[in-house]
Amino acid sequence: MNDLPPPIPSHQQEARTQAVMTIGHFLEGLGEPGWRNVLLCWLGRYDGLEVYLYPEDDPILTVRDLLARYVEALRPADPAQLAADLVTLPFCRYRAKRDDEKWKPLAETFSAFCRGTTVEVWESERPSPPPEVLQKWLLAQFCAAQIRNRQG
(Lines give C-alpha, C1' and ligand atoms only; values in the text may rest on other atoms or scores of the structure.)
Protein backbone atom coordinates (compact mmCIF):
# COMPACT_ATOMS: atom_id res chain seq x y z
CA MET A 1 0.00 0.00 0.00
CA ASN A 2 1.37 3.42 -0.95
CA ASP A 3 1.11 6.22 1.56
CA LEU A 4 0.09 9.53 0.08
CA PRO A 5 2.27 12.56 0.83
CA PRO A 6 1.06 14.67 3.74
CA PRO A 7 -1.37 17.45 2.88
CA ILE A 8 -0.06 20.97 2.56
CA PRO A 9 -0.31 23.17 5.66
CA SER A 10 -3.60 25.00 6.17
CA HIS A 11 -1.94 28.43 5.78
CA GLN A 12 -0.64 27.41 2.34
CA GLN A 13 -4.07 26.10 1.35
CA GLU A 14 -5.62 29.42 2.42
CA ALA A 15 -2.99 31.29 0.39
CA ARG A 16 -3.79 29.11 -2.62
CA THR A 17 -7.51 29.79 -2.32
CA GLN A 18 -6.90 33.53 -2.06
CA ALA A 19 -4.42 33.39 -4.95
CA VAL A 20 -7.08 32.03 -7.32
CA MET A 21 -9.19 35.15 -6.71
CA THR A 22 -6.15 37.40 -6.88
CA ILE A 23 -5.15 35.96 -10.26
CA GLY A 24 -8.52 37.02 -11.65
CA HIS A 25 -8.20 40.52 -10.16
CA PHE A 26 -4.68 40.96 -11.53
CA LEU A 27 -5.78 39.89 -15.01
CA GLU A 28 -8.70 42.33 -14.90
CA GLY A 29 -6.31 45.10 -13.88
CA LEU A 30 -3.95 44.18 -16.71
CA GLY A 31 -6.81 44.31 -19.20
CA GLU A 32 -6.55 40.61 -19.97
CA PRO A 33 -9.48 38.85 -18.28
CA GLY A 34 -9.48 36.36 -21.17
CA TRP A 35 -6.47 34.66 -19.59
CA ARG A 36 -8.38 33.79 -16.40
CA ASN A 37 -10.03 30.56 -17.56
CA VAL A 38 -6.96 29.58 -19.57
CA LEU A 39 -4.69 29.91 -16.54
CA LEU A 40 -7.09 28.23 -14.14
CA CYS A 41 -7.59 25.28 -16.50
CA TRP A 42 -3.82 25.04 -17.03
CA LEU A 43 -3.18 25.21 -13.29
CA GLY A 44 -5.80 22.50 -12.81
CA ARG A 45 -3.52 20.16 -14.76
CA TYR A 46 -0.98 20.56 -11.93
CA ASP A 47 -3.46 20.30 -9.06
CA GLY A 48 -2.07 17.97 -6.40
CA LEU A 49 1.54 18.52 -7.41
CA GLU A 50 1.87 21.18 -4.70
CA VAL A 51 2.08 18.53 -1.97
CA TYR A 52 5.35 17.32 -3.51
CA LEU A 53 6.87 20.80 -3.96
CA TYR A 54 8.46 23.46 -1.82
CA PRO A 55 5.87 26.15 -1.06
CA GLU A 56 7.76 28.68 -3.18
CA ASP A 57 7.26 26.42 -6.24
CA ASP A 58 3.49 26.02 -5.73
CA PRO A 59 1.89 26.48 -9.18
CA ILE A 60 -0.96 28.75 -8.10
CA LEU A 61 1.25 30.94 -5.92
CA THR A 62 3.96 31.33 -8.55
CA VAL A 63 1.43 32.37 -11.21
CA ARG A 64 -0.03 34.88 -8.77
CA ASP A 65 3.43 36.24 -8.02
CA LEU A 66 4.30 36.56 -11.71
CA LEU A 67 1.10 38.52 -12.34
CA ALA A 68 1.85 40.68 -9.29
CA ARG A 69 5.17 41.65 -10.90
CA TYR A 70 3.31 42.60 -14.08
CA VAL A 71 0.90 44.75 -12.06
CA GLU A 72 3.67 46.38 -10.01
CA ALA A 73 5.58 47.27 -13.18
CA LEU A 74 2.37 48.47 -14.84
CA ARG A 75 3.41 46.10 -17.59
CA PRO A 76 0.75 45.23 -20.19
CA ALA A 77 0.01 41.55 -20.47
CA ASP A 78 1.14 40.94 -24.05
CA PRO A 79 -0.11 37.38 -24.68
CA ALA A 80 3.12 36.08 -26.23
CA GLN A 81 5.29 37.55 -23.46
CA LEU A 82 2.96 36.35 -20.71
CA ALA A 83 3.01 32.82 -22.14
CA ALA A 84 6.82 32.99 -22.40
CA ASP A 85 7.06 34.10 -18.77
CA LEU A 86 4.60 31.46 -17.56
CA VAL A 87 6.60 28.56 -19.00
CA THR A 88 9.67 29.66 -17.02
CA LEU A 89 7.94 29.17 -13.66
CA PRO A 90 9.57 26.54 -11.45
CA PHE A 91 6.67 24.09 -11.34
CA CYS A 92 6.95 23.57 -15.12
CA ARG A 93 10.25 21.76 -14.53
CA TYR A 94 8.78 19.11 -12.25
CA ARG A 95 8.16 15.68 -13.64
CA ALA A 96 6.45 12.64 -12.21
CA LYS A 97 6.59 8.92 -12.75
CA ARG A 98 4.42 6.04 -11.61
CA ASP A 99 6.01 2.66 -12.20
CA ASP A 100 7.37 3.08 -15.75
CA GLU A 101 4.78 5.63 -16.87
CA LYS A 102 5.73 9.32 -17.06
CA TRP A 103 3.24 12.11 -16.48
CA LYS A 104 2.40 14.27 -19.51
CA PRO A 105 0.84 17.50 -18.18
CA LEU A 106 -0.89 18.46 -21.43
CA ALA A 107 -2.44 15.02 -21.82
CA GLU A 108 -3.51 14.22 -18.25
CA THR A 109 -3.98 16.08 -14.99
CA PHE A 110 -1.55 15.31 -12.19
CA SER A 111 -4.40 14.11 -9.96
CA ALA A 112 -5.63 11.68 -12.61
CA PHE A 113 -2.07 10.46 -13.20
CA CYS A 114 -1.55 9.74 -9.50
CA ARG A 115 -4.76 7.70 -9.19
CA GLY A 116 -4.57 7.98 -5.42
CA THR A 117 -1.07 6.59 -5.03
CA THR A 118 2.29 8.13 -4.29
CA VAL A 119 4.34 8.93 -7.36
CA GLU A 120 7.97 9.80 -7.85
CA VAL A 121 8.42 13.55 -8.45
CA TRP A 122 11.64 15.29 -9.36
CA GLU A 123 12.84 18.61 -10.72
CA SER A 124 14.37 18.56 -14.17
CA GLU A 125 16.61 21.17 -15.75
CA ARG A 126 14.09 21.72 -18.54
CA PRO A 127 10.32 21.88 -18.49
CA SER A 128 8.27 19.02 -19.81
CA PRO A 129 6.79 19.56 -22.29
CA PRO A 130 9.52 21.78 -23.79
CA PRO A 131 8.98 25.53 -23.23
CA GLU A 132 8.19 26.27 -26.87
CA VAL A 133 5.51 23.53 -26.95
CA LEU A 134 3.96 24.72 -23.71
CA GLN A 135 4.06 28.36 -24.81
CA LYS A 136 2.32 27.54 -28.11
CA TRP A 137 -0.26 25.47 -26.25
CA LEU A 138 -1.02 28.33 -23.83
CA LEU A 139 -1.34 30.81 -26.71
CA ALA A 140 -3.63 28.43 -28.61
CA GLN A 141 -5.82 28.09 -25.51
CA PHE A 142 -5.88 31.87 -25.12
CA CYS A 143 -6.83 32.40 -28.79
CA ALA A 144 -9.57 29.78 -28.56
CA ALA A 145 -10.93 31.50 -25.44
CA GLN A 146 -10.91 34.87 -27.24
CA ILE A 147 -12.85 33.37 -30.16
CA ARG A 148 -15.41 31.78 -27.82
CA ASN A 149 -15.87 35.10 -26.00
CA ARG A 150 -16.48 36.96 -29.27
CA GLN A 151 -19.00 34.36 -30.45
CA GLY A 152 -21.00 35.00 -27.34
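Above this text sits the structure in question.
This write-up is about the structure you can find in this document. Remember, it's a predicted structure, so these values are computed and weren't measured experimentally.

**Some words on the nonpolar core**
No. 1: With 40 residues, the main nonpolar core has Trp 35, Trp 42, Val 63, Leu 86 and Leu 138 as its most contacted residues.
No. 2: Elements supplying a minimum of two residues to this core: α1 (10–29), α2 (35–44), α3 (59–72), α4 (79–86), β1 (94–98), α5 (110–114) and α6 (131–151).
No. 3: A per-element tally of this core places α3 first, with seven residues.

**A look at the pairing of β1**
A regular strand carries its side chains on alternate faces of the sheet.
No. 1: Burial along β1 is one-sided: Tyr 94, Ala 96 and Arg 98 are buried, while Arg 95 and Lys 97, pointing the other way, are not.
No. 2: Two strands pair when backbone bridges link them, and β1 and strand β3 (residues 120–123) are joined in this way by four bridges, in the antiparallel orientation. Considered in β3, the bridge of Arg 95 is made with Trp 122.
No. 3: Taken together, the two bridges between β1 and strand β2 (residues 101–102) define a ladder with antiparallel strand orientation. Opposite Arg 98, over in β2, you have Glu 101 as the bridge partner.
No. 4: Here β1 hands over to β2 after two residues, with Asp 99 in that stretch at a positive phi of 55°.

Procedures and definitions
Residues numbered from 1 in each chain as written. Predicted model: local features only at pLDDT ≥ 70, side-chain atom pairs only at ≥ 80, totals over all residues. Heavy atoms only, no water. Core = buried A, V, L, I, M, F, W, Y, C linked by side-chain atoms within 4.5 Å. Buried < 20%, exposed > 50% of the residue type's maximum accessible area, 1.4 Å probe, protein only. Helix = DSSP H or I, 4+ residues; strand = E, 2+ residues; numbered from the N terminus. Pairing = 2+ DSSP bridges.

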